[in-house]
Amino acid sequence: MSIRIGVIGGSGLYDMDSLEDRRKVRVDTPWGEPSDAYVTGRIAGREVAFLARHGRGHRIMPSSLNFRANIYGLKSLGVEYVLSFSAVGSLRAELEPIHFVIPDQFFDRTRGRVSTFFDDGLAAHITFSHPICSTLADVAEEACKASGVTVHRGGTYCCMEGPAFSTLAESELYRAWGFDVIGMTNLQEAKLAREAEMSYCTIAMVTDYDCWHPEHDAVTVDTVIEYLTRNAANAQKVAVEAVKRIPDSPSPHAAALKNAIITDRAAISDRVREKYALLAGRYL
């Protein structure tokens, strides 16, 4: 049976308690090793692959994540739909700690991170105006409501470099720019998932108010961990409900590369064709 559903667990979510008949699968990729072994199994009778983004024990910092290997590994397992859980800071008073947010936009404040597969003899330009799959976002919203989790639909996720949290000046600027939550990981995942022709949706779990809030003017690891623990319990429930609701139909983004490849086919070497066979072979 094909594993069509992938779940990426962020800070605090390092395992999926609900996975039955689990086994660890290690995947080699042209871009190196993923963060950890994938844990595969069944939830509600459906095959799922889970990856702890930062590795078990939280060993990998955001800037050091091998995003390409992580997404390619899911693709190699057959995944079409990716639910990504991510701890975030809130830039809006109404987005409170323990609330979940399903953003529909991203803004990049990272520096020098690789966020494309196509940098080795093959050039492609995906459409990315709407980076979140609306079908999967519908599923995530329904799953949150079914789990009794307060959820906010829409908004902009500001992806910062880290690992330090924001300065007050940065936090106030992001609020003035109209951003809603801030995190350190999801933009690169979203871009790569689109290049891999997979549906992608962020479920952002609020842990703090960044540092702009006058009553919460400093983000500490102790505070974040307290809310991470509570968010992780909710994430377990939401993941199960979401898996039940993911459609059997192919991803709406299953042809994202159809008109994206600009390289002259005659200029593509056999080595490059082999490297990109899984991602783009049918277009070459």
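The sections below set out a description of the structure shown in this document.

Criteria and thresholds
- Residues numbered from 1 in each chain as written.
- Predicted model: local features only at pLDDT ≥ 70, side-chain atom pairs only at ≥ 80, totals over all residues.
- Heavy atoms only, no water.
- Helix = DSSP H or I, 4+ residues; strand = E, 2+ residues; numbered from the N terminus.
- Rg over C-alpha atoms; globule rule 2.2 N^0.38 Å.
- Buried < 20%, exposed > 50% of the residue type's maximum accessible area, 1.4 Å probe, protein only.
- Contact = heavy atoms within 4.5 Å.
- Areas by Shrake-Rupley, 256 points an atom, 1.4 Å probe, with all protein chains shown as cover.
- Lys, Arg positive; Asp, Glu negative; His and termini not counted.
- Charge placed at Lys NZ, Arg CZ, Asp CG, Glu CD.
- Core = buried A, V, L, I, M, F, W, Y, C linked by side-chain atoms within 4.5 Å.
- Phe/Tyr/Trp six-rings, centres within 6.5 Å; stacked < 30°, edge-to-face > 60°.
- Lys NZ or Arg CZ within 6 Å of the ring centre and 35° of its normal.
- Pairing = 2+ DSSP bridges.

### Notes on the overall build of the protein
A count of helices and strands for the protein gives 7 helices and 11 strands. Over its C-alpha atoms the protein spans a radius of gyration of 18 Å, differing by no more than 12% from the 19 Å that the globule rule assigns to 284 residues. C-alpha atoms of the protein, sized along the principal axes, occupy 60 × 40 × 30 Å. Looking at the protein as a whole, 57% of its 284 residues are labelled buried. Long-range contacts, defined as pairs at least 24 residues apart, comprise 83% of the intrachain contacts of the protein with a sequence gap of at least 6. A total of about 12000 Å² of accessible surface is found on the protein, and carbon and sulfur atoms cover 49% of it. Here the protein contributes 31 positively and 36 negatively charged side chains, and the mean placements of these two sets differ by 5 Å.

### Some thoughts on the nonpolar core
By size, the foremost hydrophobic cluster in this structure holds 83 residues, and its most contacted members are Phe85 and Phe117. Those residues in contact with Phe117 that sit more than four places away from it in its chain are Trp31, Arg68, Ile71, Tyr72, Leu192, Glu195, Ala196, Tyr276 and Leu279. Core analysis: the second largest hydrophobic core is formed by 9 residues, Met160, Tyr174, Phe179 and Trp212 among them.

### Remarks on the packing of aromatic side chains
For the structure on display, the rule yields 12 aromatic pairs. With a centroid separation of 4.8 Å and an interplanar angle of 35°, the aromatic rings of Phe107 and Phe179 are classed as tilted. Taken together, the residues Phe107 in strand β7 (residues 105-109) and Phe179 in the loop between α3 (168-176) and β10 (181-183) connect sequence positions 72 residues apart. Residue classification places Phe107 among the partly exposed residues on the basis of a relative accessible area of 36%. With 5.7 Å between their ring centres and 70° between their planes, Trp177 and Phe179 make a pair best called edge-to-face. Under the relative-accessibility criterion, Trp177 is labelled partly exposed at 43%. Three or more aromatic residues joined by ring pairs make a cluster, and in this case those are Trp31, Tyr72, Phe117, Phe118 and Tyr276. Across the ring face of Trp212, the terminal group of Arg175 is positioned such that the distance to the ring centre comes to 3.7 Å.

### Re the pairing of strand β1 (residues 5-9)
Every other side chain in a regular strand lies on the same face of the sheet, so the side chains alternate between the two faces. Summarising burial for β1: 5 of the 5 residues are buried, a large majority. By the alternation rule, side chains of β1 split into Ile5, Val7 and Gly9 and Gly6 and Ile8, which are all buried. As defined by bridge partners, β1 adjoins strand β4 (residues 46-52) across 5 bridges and the pair is classed as parallel. Residue pairing across strands places Ile8 opposite Leu51, the latter belonging to β4. The pairing of β1 with strand β5 (residues 81-90) spans 4 bridges and is classified as parallel. When the sheet's bridge partners are listed, Gly6 is paired in β5 with Val82.

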